[in-house]
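Residue strings, one per chain:
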Amino acid sequence: MNSRDPQLELMRRCLDGEANEEDLARFEDLLRNDPEFRKEYVGYVNVDSALAALPKTANSVDLPPKRILAFPKWRRYAPPVAAGLVFGLFCASLAWAIVLPRAKAPIVLPILTESFESASTPLIDGFPSRTGEWGGDRAQIVGAEAGRQPLDGDSVLSLESSTESNLGFLQQIVEVSSLPQAGDGEMRVVEVIASFLADQPGERERYTLRVAAFEESPESIRSLWEGVHWSDLDKIALTFSKTGLSTAEDAEGWQTLSAFVEVPADAHSVVISLAAGRLDRRAPKTPHYVDDIRAELRIIPFKKRLCRKRQQ
């Protein structure tokens, strides 16, 4: 027996919807750590998709449709892609996504989803140095309480303000080099959505969402990001975008922001950066909560630039 045969059988069970929880965990681990398995997986899906696209003959037999493997919560965010197959496999917060065959309609691929449901979610102090971890100021995962009902699931992230600022910061790096490229007359963009909640209403709050694409790998971004003012990112980032919200004193409930950034063909990494705190620097510092963070890669017809590009 070929040593890869059990892995191919595992791949078949997962794609056919016959896998159990142990199979899925093994499948995720192989996709994450075995480059050869990833290549075989792409080839498997290519052949499977090509066979499905062949015209039927008089001797053709209708087979039951295959299930799409995806975590249920993303089904409400990822609309169907016409004439295509979307396969989403989520490892922690990061998504491995493949679309075959390529559709003419705009393609939407979920690449990040986070509602802080797991106590083992990687949280580090300072800017992250790799993908799959959140880094920033003092943060912890907390449950629901009166006045703090999560948008999704049972938990939220509590974010404290930094000692040097009235804001608390949270960042993650997403690797985009292996994601589908745009074709002629198309552009790739990443849309990020995040929601914020104040611990003690009655003050004006400030929330920001920043997204930037870099040519460098995730391990190299930290030295480029730390100590650099946002207005100077045009010197180092390929593209970048920022959106912000200053609330009224009587604002209540969750506040949601979204931001788009173009992702050029030579982009390797995208940084997602969130900030929350009191607008008035003299106001007492209190925690703020973050929940339901989502990011999607979109391949859309090129119309106009959605964000600033680096100055050449």
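Analysis parameters
- Residues numbered from 1 in each chain as written.
- Predicted model: local features only at pLDDT ≥ 70, side-chain atom pairs only at ≥ 80, totals over all residues.
- Heavy atoms only, no water.
- Helix = DSSP H or I, 4+ residues; strand = E, 2+ residues; numbered from the N terminus.
- Contact = heavy atoms within 4.5 Å.
- Buried < 20%, exposed > 50% of the residue type's maximum accessible area, 1.4 Å probe, protein only.
- Pairing = 2+ DSSP bridges.
- Arc of directions from axis to C-beta.
- Polar contact = N/O pair within 3.5 Å; in protein donor to acceptor, adjacent residues only side chain to side chain.
- Phe/Tyr/Trp six-rings, centres within 6.5 Å; stacked < 30°, edge-to-face > 60°.
- Core = buried A, V, L, I, M, F, W, Y, C linked by side-chain atoms within 4.5 Å.
- Patch = residues over 30% accessible without salt bridge, like charges linked within 9 Å, V, L, I, M, F, W, Y side chains within 5 Å.
- Areas by Shrake-Rupley, 256 points an atom, 1.4 Å probe, with all protein chains shown as cover.
- Salt bridge = Lys/Arg side-chain N within 4 Å of Asp/Glu carboxyl O.
- Lys, Arg positive; Asp, Glu negative; His and termini not counted.
- Charge placed at Lys NZ, Arg CZ, Asp CG, Glu CD.
- pLDDT = per-residue confidence, 0-100.

(A) Quick peek at the side chain of Ser162. Mapped onto the elements of the fold, Ser162 is located in the loop between β7 (155–159) and β8 (167–175). Apart from the residues lying within four places of it in its own chain, the contact partners of Ser162 are Asp137, Leu167, Gly168 and Lys285.

(B) Broad picture of the pairing of strand β14 (residues 288–301). Among the 14 residues that make up β14, 11 are buried, leaving the element largely enclosed by the rest of the structure. Pairing between β7 and β14: 3 bridges, direction antiparallel. The residue of β14 that forms the bridge with Leu159 is His288. Strand direction decides the pairing type here: strand β9 (residues 186–198) and β14, joined by 12 bridges, are antiparallel. Paired with Leu197 across the strands is Tyr289, a residue of β14.

(C) Examining helix α4 (residues 218–225) more closely. Every buried residue of α4 is listed here: Pro218, Ile221 and Trp225. Here the buried residues of α4 occupy an arc of 25 degrees about the axis, which is enough to place them on one side. Exposed residues lying more than 90 degrees from the buried face of α4 are Glu219 and Ser223. Of the surrounding elements, those touching the buried residues of α4 are β8, β10 (205–214) and β13 (269–278). Gly227 sits one or two positions beyond α4 and adopts a positive phi of about 80 degrees.

(D) Quick look at the environment of Leu167. Locating Leu167 in the fold gives a position in strand β8. In this structure the C-alpha to C-alpha distance between Leu167 and Thr208, which are 41 residues apart in sequence, comes to 9.5 Å. Beyond its immediate chain neighbours, meaning those up to four positions away, Leu167 contacts Asp137, Ser161, Ser162, Arg206, Ala275, Ala276 and Gly277.

(E) View of the side chain of Ser273. Summarising the element assignment, Ser273 is placed in strand β13. Within the structure, Ser273 has its side chain in polar contact with the side chain of Gln171 (distance 3.3 Å). Those residues within four positions of Ser273 in sequence are excluded, and the remaining contacts are Leu170, Gln171, Thr208, Leu209, Arg210 and Trp225.

(F) Main features of unusual backbone geometry. Here Phe116, not a glycine, exhibits a phi torsion of approximately 55 degrees, which is positive. In this structure Phe116 comes out as buried when scored by relative accessible area, which is 0%. For Asp292, which is not glycine, the phi torsion reads 55 degrees and is therefore positive.

(G) Highlighting the packing of aromatic side chains. Evaluation of the coordinates by the stated rule reveals 4 aromatic pairs. Note on Phe116 and Trp134: the rings are 6.0 Å apart at their centroids and 50 degrees apart in plane angle, and the pair reads as tilted. In this pair, Phe116 is assigned in the loop between β3 (107–114) and β4 (123–125) and Trp134 in strand β5 (residues 134–136), connecting sequence segments 18 residues apart. Taking relative accessible area as the criterion, Trp134 reaches 1% and is therefore assigned buried. When the centroid spacing of 4.9 Å and the interplanar angle of 15 degrees are considered together, the rings of Phe196 and Tyr207 count as stacked. Within this pair, whereas Phe196 is found in strand β9, its partner Tyr207 is found in strand β10, the two being separated by 11 residues in sequence. Pair check on accessibility: Phe196 and Tyr207 agree, each one buried. What links up through ring pairs into an aromatic cluster is the set Phe127, Phe214 and Trp225.

(H) Looking closely at the nonpolar core. In terms of nonpolar packing, the biggest core is built from 36 residues, with Val190, Phe196, Ile272, Leu274 and Ile293 touching the most fellow members. Taken together, the elements giving at least two residues each to this core come down to β3, β7, β8, β9, β10, β12 (255–262), β13 and β14. The next biggest cluster of nonpolar side chains, apart from the first, holds 12 residues, and it includes Ala212, Ile221, Leu233 and Val271.

(I) Looking closely at a negative patch on the surface. Where like charges cluster on the molecular surface, the negative patch consists of Glu203, Glu249, Asp250 and Glu252. Mapped onto the elements of the fold, Glu249 is located in the loop between β11 (239–246) and β12. Residue classification places Glu249 among the exposed positions, given a relative accessible area of 52%.

(J) Spatial organisation of the confidence of the model for the protein chain. The predicted model of the protein chain averages 77 in pLDDT, with 72% of residues at 70 or higher. Between residues 46–103, whose pLDDT stays under 50, and residues either more than four places distant or in other chains, the model counts 104 contacts.

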